[in-house]
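If you want the building blocks of each chain, they are given just below.
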Amino acid sequence: MFISISIKDIIDIILVAFLLYYIFRLMRESRSLNVFIGIMVFIVIWLFVSQVLEMRLLGSILDKLVSVGVLAIIVLFQEEIRKFLYSLGAHQRVSNFMRFFGSKHKNEHADKKSIMPIVMACMNMARQKAGALIVIERMAPLDDIISTGDLIDANINQMLIENIFFKNSPLHDGAMIIRKQRICAAGCILPVAHDQDIPKELGLRHRAALGISQASDAIAIVCSEESGRISVAIKGTFHLRLSAEKLESLLTEELSIKEEHKG
């Protein structure tokens, strides 16, 4: 007896294989590979018992466990699921598609007046070895992060940034959030990345910067209190040991600044 396989079946198998591979890679990066393997073994046993052996009693018990297990998986792997959905939505083609059909939600372009105070403040704080963590919001809203700090709603000002991160300031330990070219809040708490490959010389501020860059499309700028070096985390990647010129160039590129042509 021959089994007929159509093109739709082949596409179905390829899509399932691609999905399983992506989940496998995601679980491996989050150190949950053993849990993923255990879930796959359980699913294989469930299918074998209910579909092949057709054991009604044991199959019905496993069916109940599967229905409850879906909710348990969502609770256990909420961070991984959020990362998966964000990476899917942040894909370049998807982002371009959303921009095309949702022009009302485009980000405002930054300008030199909003970039230079940040750069100059970071350079001064780096020279003084004052720790700082500045997060610039882009398309993904950071309302949950902003709610953990104190609202400021002020123009971007170099002296204000330096005063907030002054060692005796009550807000210097948290993160500053910049939204729509304004200092929105300070003293905010960020999610911390638990990646094992982060260099040991990078402290908690760097882990928090990496964490917010993994959970959103925000730009996180770090001034190290120990070394006085400036780093930037974007999309889960660090740009380390930046000079003033490199920091300005990176922010200019990432924030899509359009310089006016002098004629």
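Small disclaimer: the values here were computed from a predicted structure and weren't measured.

Novice: So what exactly am I meant to see when it comes to a nonpolar patch on the surface here?
Specialist: Together, Phe42, Ile43, Leu47, Phe48, Val52, Leu53, Met55, Leu57, Leu58, Ile61 and Leu65 make up a nonpolar patch on the protein surface, roughly 970 Å² of accessible area in all. At 5 residues, helix α2 (residues 33-52) tops the list of elements feeding residues into the nonpolar patch. Tracing the backbone shows Met55 in the loop between α2 and α3 (56-76).

Novice: I tried to follow the environment of Leu202 on my own but got confused; where do I start?
Specialist: For Leu202, the location among the structural elements is in the loop between β4 (182-188) and α9 (204-215). Exposure remark for Leu202: the relative accessible area of 12% places this residue in the buried category. Here the alpha-carbon distance between Leu202 and Ser227, two residues 25 residues apart in the chain, equals 9.5 Å. Every residue in contact with Leu202, bar those within four places of it in the chain, is listed here: Phe238 and Leu240.

Novice: I would appreciate a short explanation of the sheet that holds β4 in the present structure.
Specialist: Backbone-to-backbone hydrogen bonds pair the strands of a sheet. The strands run either parallel or antiparallel. Strand order in the open sheet formed by 7 strands is β2-β4-β3-β1-β5-β6-β7, with mixed pairing between adjacent strands. Single-partner strands in this sheet number two, and they are β2 (150-155) and β7 (237-239). Taken pair by pair, the neighbouring strands of this sheet meet at an average axis angle of 25 degrees, ignoring direction. Of the strand pairs in this sheet, β2 and β4 are connected by 4 bridges, and their pairing is antiparallel.

Novice: Honestly, the nonpolar core in this entry has me stumped. Any pointers?
Specialist: Across soluble globular proteins, nonpolar side chains have a tendency to be buried as a group. In terms of nonpolar packing, the biggest core is built from 33 residues, with Ile118, Met125, Ile134, Ile161, Ile221 and Leu247 touching the most fellow members. Listing elements by their share of this core, those giving two or more residues are α6 (112-127), β1 (132-136), α8 (158-164), β3 (175-179), β4, β5 (219-223), β6 (230-234) and α10 (244-254). With 8 residues, the single largest contributor to this core is α6. Beyond its immediate stretch of four places on either side in the chain, Met125 contacts Ala130, Ala132, Ile134, Ile161, Glu162, Phe165 and Cys223. Judged by nonpolar contacts, the second largest core, of 23 residues, contains Leu133, Ala209, Ile212 and Ala233.

The rules behind each value
Residues numbered from 1 in each chain as written. Predicted model: local features only at pLDDT ≥ 70, side-chain atom pairs only at ≥ 80, totals over all residues. Heavy atoms only, no water. Patch = residues over 30% accessible without salt bridge, like charges linked within 9 Å, V, L, I, M, F, W, Y side chains within 5 Å. Areas by Shrake-Rupley, 256 points an atom, 1.4 Å probe, with all protein chains shown as cover. Salt bridge = Lys/Arg side-chain N within 4 Å of Asp/Glu carboxyl O. Helix = DSSP H or I, 4+ residues; strand = E, 2+ residues; numbered from the N terminus. Buried < 20%, exposed > 50% of the residue type's maximum accessible area, 1.4 Å probe, protein only. Contact = heavy atoms within 4.5 Å. Pairing = 2+ DSSP bridges. Axes fitted to C-alpha atoms, helices over the stretch in contact; angles between N-to-C directions. Core = buried A, V, L, I, M, F, W, Y, C linked by side-chain atoms within 4.5 Å.

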